[in-house]
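# Chain and residue survey
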Amino acid sequence: MSDIVRRSGVTVAGSGAGLSRRALLQFAGLVGAGTVVGSALTACAGPQGGATGGTGNGGKLTIVLNRNLVSLDNKLNQYDAAVTVQRAVRQALTQIGNDLRPELVLAESFEISSPTQWRVKLRDNIHYSDKSPVTVEDVETALRYYFQVKASFVASQFPEQPRLTKIDDRTFTLTTSKPLVTLDSLMSNILITPAKANKPEELRDGLGTGPYKVASADSGTGTYRLVRNENYWGEAALVDEVDISYQEEEGARVIAITSGQADVIDTITPESAAALKKNAEIELVQGPGTRLIHLFYNFRKPAGHPLANPRVREALTYAVDHDSLISSLMNGLVSSAEGVVPKTLAGFVRTGQYTYDPAKAKQVLAAEGVSNLTLTFIWEESEFAGAARVMEALVGMLGDVGVTVKLKEIPKGGEINTWRRGEAGDWDVLGNGYGNQTGLAITNLQGQYGGTAEKEKTRDSYHGFVVPEVTGLLDQAGAEADAVKRTALLGQAQERIWALWPALWAWTPDNVLARRKHVTALGLSPANSYDLSKVRVSD
């Protein structure tokens, strides 16, 4: 197929080697509103209380994920598919609804009481699966531990750690040094666990308030058995039992669902999606997503390195024939980015678009004095559908403009976090996804581009991206109560980020999963998760 040589997970190709655009097309032929701010969330949203116990329609649901569900907690990572399962066991004060607006869950009310303070009241009927009560201390401990975890994905989305002050057994305030108008959305990611059982690490089992409880868990094999929580404070789950496992090989996942061994599988490549559409027993669930996939540059390069020059970063983008990638390898199931966050997020601003122009790439590289450039691209296995093929195609595209690319695939569970932090070795471009569970552009922006020198000292910035001007704009936006002014600040920040060319290319994939047709009421949200308690299974 090409002169690409794979050696122990490393692919090497020289200038002009790899997949040419023509080879890529041949290969494909063969394989055939402004930011939403809930200043006062009160009652009547989220799970409705008062329906403790009860029965559903029974049955068992079997889910096969594409990656190991290493925990039923999200302190470190928050993969889309994992969120569905984690929140079936553990819940937060709020959740993000299908319209990407915050809704109440464990909180009865969540209201701004002053520019820097929110007042929160817990529902009076909530409790864990053993019927022990949810306390203010549980919330305080959960919040604190998310910030004690090294390289926490969730904590990085908060500009600062809110300070909790107890008022009474059900009421407390969350105070920040600067106004944080999106706190009700951000708190949807803080999952609550009994304080005594919580730890500043991911939790594999234990009590939760959700519609399911853990019957058995083996994080090593990624297998979990959940059973309906008969003591659930809200409406009872409809399915008696949910079995979760993972299978990294997509072919095995497809066989599992076509043979009836699995009821639901996720993360499907375009080829498999096309094949599954022809199966009368299976239906695809598809919709626009909020996950950004990008080929992000390493911003920890020393001064003088070509990638430290934004003109070089821009020049390399012209080498990527993204239209061919989308049509040939992604079957049109993704949208090329037109900004630095997905278009589906509230607060998105269109800042530009990627252009394929290899002649311009060569011209700019030559003008910047760059020749014989060799880059190392890394990615974690199954980070996005068809990842290996996309990365291999990039080898050829970059080769066409005189850039040598070495590929290194990090196995799942292969400590990608240490690579991100620059502790496992040097790299130049990381193929990586960034999920969004708040529906807000500012969440991505704070998490990816809100780095500070202090965060970089602990390697907690996003791949070394630390631009004080951008961080300042984002901090101002996060503290701005006026929606018009906030939108303007977010727009300025996104324009500034785009001008720095942080990514070689970026795109947003549609959410796609497959279910057997006896599985119904699976409402896949734009955030690529669904309420497991609402799913039905018929005979």
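Everything here concerns the structure above.
Now for a quick tour of the structure.

Conventions we followed
- Residues numbered from 1 in each chain as written.
- Predicted model: local features only at pLDDT ≥ 70, side-chain atom pairs only at ≥ 80, totals over all residues.
- Heavy atoms only, no water.
- Helix = DSSP H or I, 4+ residues; strand = E, 2+ residues; numbered from the N terminus.
- Expected span 1.5 Å × (residues − 1).
- Buried < 20%, exposed > 50% of the residue type's maximum accessible area, 1.4 Å probe, protein only.
- Arc of directions from axis to C-beta.
- Contact = heavy atoms within 4.5 Å.
- Pairing = 2+ DSSP bridges.
- Axes fitted to C-alpha atoms, helices over the stretch in contact; angles between N-to-C directions.
- Polar contact = N/O pair within 3.5 Å; in protein donor to acceptor, adjacent residues only side chain to side chain.
- Left-handed = near helix turned anticlockwise from the far one by under 90°.
- Nonpolar A, V, L, I, M, F, W, Y, C, P; charged D, E, K, R; others polar.

What follows concerns helix 14 (residues 468-479). The end-to-end C-alpha distance of helix 14 is 16 Å, a good match for the 16 Å that 12 residues give at a rise of 1.5 Å each. Looking at helix 14, one finds that the buried residues are V470, T471, L473, L474, A477 and G478. Viewed along the axis of helix 14, the buried residues span an arc of 160 degrees, placing them on a single side of the element. Where helix 14 is buried, its residues contact helix 12 (441-449) and helix 15 (483-499).

Unlike most non-glycine residues, R459 shows phi in positive territory, near 65 degrees. Considering the arrangement of structural elements, one finds R459 in the loop between helix 13 (453-457) and helix 14. For R459, a relative accessible area of 31% puts it in the partly exposed group. Phi at N528 takes a positive value of approximately 65 degrees, unusual for a residue other than glycine. Structurally, N528 is set in the loop between strand 23 (519-520) and strand 24 (536-537).

Take the sheet that holds strand 22 (residues 511-516) next. The sheet built from 7 strands is open, its strands ordered 11-12-13-4-14-22-15 with mixed pairing. The open sheet terminates on both sides in strands that have one partner only, identified here as strand 11 (212-218) and strand 15 (282-287). For this sheet the average axis-to-axis angle between neighbouring strands, irrespective of direction, equals 20 degrees. Of the strand pairs in this sheet, strand 4 (residues 60-65) and strand 13 (residues 241-246) are connected by 6 bridges, and their pairing is parallel. Bridge pairing links T62 to D243 in strand 13. Packing against the sheet, helix 5 (residues 250-258) makes contact with strand 4, strand 14 (264-266), strand 15 and strand 22, and its axis sits at approximately 160 degrees to strand 14. Here helix 6 (residues 270-277) sits on the sheet in contact with strand 14, strand 15 and strand 22, set at roughly 135 degrees to strand 15.

We now examine the side chain of T317. Position of T317 relative to the elements: it lies in helix 7 (residues 310-317). For T317, a relative accessible area of 1% translates into the label buried. Side-chain polar atoms of T317 contact the backbone oxygen of E314, separated by 2.5 Å.

At a closest axis distance of 10 Å, the pairing of helix 12 and helix 14 adopts a crossing angle of 145 degrees. Helix-helix and strand crossings are classified by hand; for helix 12 and helix 14 the assignment is left-handed. Taking contact as the criterion, the partners of I442, L445, Q446 and Y449 in helix 12 are, on helix 14, V470, T471, L474, D475, A477 and G478. Grouping the constituent residues of the contact of helix 12 with helix 14 by class yields 6 nonpolar, 3 polar and 1 charged.

As a further point, take helix 9 (residues 358-367). Inspection of helix 9 places A361, V364 and L365 among the buried residues, and these make up the whole buried set. Each buried residue of helix 9 sits inside an arc of 100 degrees when the element is viewed along its axis, so together they form one side. Looking at helix 9, the residues exposed on the side facing more than 90 degrees away from the buried face are A359, Q363, A366 and A367. Residues of helix 9 that are buried sit in contact with helix 7. Just past helix 9, the residue G369 takes up positive phi, approximately 75 degrees.

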